[in-house]
Amino acid sequence: MTDLEERVEEIEARAAESELLGNLSMEEEARIYNRRLAVELKEYALKLRGQMESVGKEPKPGA
């Protein structure tokens, strides 16, 4: 696995954590912040995956 693939996975994990925090937070401001952060992180990870595909560095399934 390349460094970029690892970075994308880290970003996706942070997005999942933020989404969970957004769903569980008692305070409205924290919910909104974490949900927005999750969306931004997911979009960024998707963009990076697209860049990897365009240069032929698509991660292998199950890797």
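This one's a predicted model, so the numbers in the text were calculated from it and none came from an experiment.

**Q** Break down the side chain of N34 for me, citing the residues and quoting the values.
**A** Checked against the element boundaries, N34 lands in helix α2 (residues 28–54). On the accessibility criterion, N34 (11% relative accessible area) is buried. If sequence neighbours within four positions are ignored, N34 has contacts with S18, E19, L21, G22 and S25.

**Q** Quick one: what's the story with the environment of E40, residue by residue and with numbers?
**A** Residue position: E40 is located in helix α2. Along the backbone, E40 and A15 are 25 residues apart, and their C-alpha atoms lie at a distance of 8.0 Å.

**Q** So what about the nonpolar core? Which residues, and what values?
**A** Residues V8, I11, A15, L37, L41, A45, L48 and M52 constitute the largest nonpolar core, which totals eight residues. Every element with two or more residues in this core is listed here: α1 (3–24) and α2. Broken down by element, the residue count for this core peaks at five residues, all from α2. In contact with L41, not counting residues within four places along its chain, are I11, R14, A15 and S18.

**Q** Describe in detail the environment of S18, supporting the description with residues and values.
**A** Mapped onto the elements of the fold, S18 is located in helix α1. Overall, S18 belongs to the buried group, its relative accessible area being 6%. Distance from S18 to Y33, taken between C-alpha atoms, is 8.7 Å for residues 15 residues apart in sequence. When sequence neighbours within four positions are dropped, the list of residues in contact with S18 reads N34, R35, L37, A38 and L41.

**Q** Could you give an account of α1, with specific residues and numbers?
**A** Its 22 residues give α1 an end-to-end C-alpha distance of 32 Å, which sits within 8% of 32 Å, the value for a rise of 1.5 Å per residue. Those residues of α1 not exposed but buried are E5, V8, I11, A15, S18 and G22. Angular distribution of buried residues about the axis of α1 spans 145 degrees; they occupy a single face of the element. Structural note: α1 exposes D3, E17 and L24 on the side pointing more than 90 degrees away from its buried face.

About the cut-offs
- Residues numbered from 1 in each chain as written.
- Predicted model: local features only at pLDDT ≥ 70, side-chain atom pairs only at ≥ 80, totals over all residues.
- Heavy atoms only, no water.
- Helix = DSSP H or I, 4+ residues; strand = E, 2+ residues; numbered from the N terminus.
- Buried < 20%, exposed > 50% of the residue type's maximum accessible area, 1.4 Å probe, protein only.
- Contact = heavy atoms within 4.5 Å.
- Core = buried A, V, L, I, M, F, W, Y, C linked by side-chain atoms within 4.5 Å.
- Expected span 1.5 Å × (residues − 1).
- Arc of directions from axis to C-beta.

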